[in-house]
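Coordinates in review
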Amino acid sequence: MEQQLSEALRAEELKYLSVTKEQQQQLVVLLEQLHKWNNAYNLTSVRNPEDMLVRHILDSIAVSPHLHGDKVIDVGTGPGLPGLPLAILNPEKEFVLLDSLGKRISFIRQVVHLLKLNNVTAVQSRVEDYAFEGGFDSIVSRAFASLADMLGWCHHLLSDKGVFVALKGQLDEAEFEQVKAPFKVRETYPIAVPQLDAARHVVVISPANSE
C-alpha cells in the first residue's frame, strides 16, 4: 500500500498536496486498521484495500485545501472519514469526529491511540444533541445528509465566521435550491481523485451576511 499511496500522491490530481513520509506511513496504518476492523465490525461496504485507498483515503485528503480555520468537526464521520485522513495531513488543526454509533467511535479512538494523534477528539453523539462553545470554523460532511438537512441539524455548531464544507458527487441544482436564508452556497469546487471514475465536488456554504 505504501507504494500505491506514494504513486497516487505524485499523480497530477494530487500534486498540490504536501504529504510527509511520516504522514504517508500514518495513512497506510489507518488503511490497514480500517481493513482489519472492517472484517469484524462492517464499518464500510468497501472491502478491498486498493479500493479503500482510492475511495476513502485519497477521496478524503483531496478536501484538505478547502478547510477553513483551526477548529474542524466531521459530522456523521462513520469510521473517521474524511476526518482521520484530514487530521493526519493537518496536525495544526483541531478535529472533532462525531458519530452516533459506538463501534465507529471505538475504531476511531483505537486509530487515534495507535497513531498518537493529539489533534483528534472522537465523540459519540447525535449531531443535534452535541454542543461546542465558540463553534467550529469548518463543519465537514461526507455523504451525511442533504444540504438542507445538514444546515438544519448542524447550524448551532458554526462559529461566527465558520463555513460548511460538504462533500458531494454530482451537483444537484434542486438540492442547492433548498439552501435558504440565512445560508448561501458560496463556492463549488470539482475534485479529481486518482483512479476514481466518479464525480466529486466540494460545496462551501456560509451565512449569507458573512464575507
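Note: the structure precedes this text.
Residues numbered from 1 in each chain as written. Predicted model: local features only at pLDDT ≥ 70, side-chain atom pairs only at ≥ 80, totals over all residues. Heavy atoms only, no water.

What about the packing of helix α1 (residues 2–10) against helix α2 (residues 21–41)?
Orientation of α1 relative to α2, taken along the N-to-C sense of each, is 125°, at an axis distance of 10 Å. In terms of axis orientation, α1 runs oblique to α2. The handedness of the crossing between α1 and α2 is right-handed. Contacts from Glu2, Leu5, Ser6 and Leu9 in α1 reach Lys21, Gln24, Leu27 and Val28 in α2. Residues that form the contact of α1 with α2 fall into these classes: 4 nonpolar, 2 polar and 2 charged. (Axes fitted to C-alpha atoms, helices over the stretch in contact; angles between N-to-C directions. Helix = DSSP H or I, 4+ residues; strand = E, 2+ residues; numbered from the N terminus. Parallel < 35°, antiparallel > 145°, perpendicular 65-115°, else oblique. Left-handed = near helix turned anticlockwise from the far one by under 90°. Contact = heavy atoms within 4.5 Å. Nonpolar A, V, L, I, M, F, W, Y, C, P; charged D, E, K, R; others polar.)

Notes on the pairing of strand β1 (residues 71–75)
Across the 5 residues of β1, 4 count as buried, placing the element largely inside the fold. Sheet topology places β1 next to strand β2 (residues 94–99); 5 bridges connect them, and they run parallel. Bridge assignment links Val75 to a residue of β2, and that residue is Leu98. Handedness of the β-α-β unit built from β1, helix α4 (residues 83–89) and β2 comes out right-handed. (Buried < 20%, exposed > 50% of the residue type's maximum accessible area, 1.4 Å probe, protein only. Pairing = 2+ DSSP bridges. Right-handed = clockwise from strand over helix to strand, strands pointing away.)

Here's the deal with unusual backbone geometry
Here the residue pair Leu81 and Pro82 is connected by a cis peptide bond, since its omega of 10° sits within 30 degrees of zero. As for its position among the elements, Pro82 is in the loop between β1 and α4. A positive phi is found at Asn42, a non-glycine position, where the angle reads about 50°. Relative to the assigned elements, Asn42 resides in the loop between α2 and α3 (49–61). Within the chain, Gln195 stands out as a residue other than glycine whose phi angle is a positive 70°. Note on placement: Gln195 falls in the loop between β6 (183–190) and β7 (201–207). A relative accessible area of 65% means that Gln195 is categorised as exposed.

Here's the deal with the packing of α2 against helix α5 (residues 102–115)
Taken N-terminus to C-terminus, the directions of α2 and α5 make an angle of 145°; their axes are 11 Å apart at the nearest point. In this structure, α2 crosses over α5, and the sense of that crossing is right-handed. In contact with Gln26, Val29, Leu30, Gln33, Leu34, Trp37 and Tyr41 of α2, α5 contributes Lys103, Ser106, Phe107, Gln110, Val111, Leu114 and Leu115. Here the residues of the contact of α2 with α5 sort into 9 nonpolar, 4 polar and 1 charged.

Observations concerning the environment of Ser138
Locating Ser138 in the fold gives a position in strand β4 (residues 136–142). Residues Ser138 and Ile108 lie 30 residues apart in sequence; the distance between their C-alpha atoms is 20 Å. In this structure Ser138 touches Leu67, His68, Lys71, Val72, Ile73, Val163 and Val165, once residues within four positions along its chain are discounted.

Description of the nonpolar core
The biggest cluster of nonpolar side chains holds 50 residues, and the ones touching the most others in it are Leu58, Leu84 and Phe107. In this structure, Val96, Val123, Tyr130 and Ile205 belong to the second largest nonpolar core, which totals 22 residues. (Core = buried A, V, L, I, M, F, W, Y, C linked by side-chain atoms within 4.5 Å.)

Some details on the side chain of Ser60
By secondary structure assignment, the location of Ser60 is in helix α3. Residue Ser60 is classed as buried on the basis of its relative accessible area, which comes to 0%. Among residues more than four places away in sequence, those in contact with Ser60 are Leu81, Pro82, Pro85, Leu86 and Arg142.

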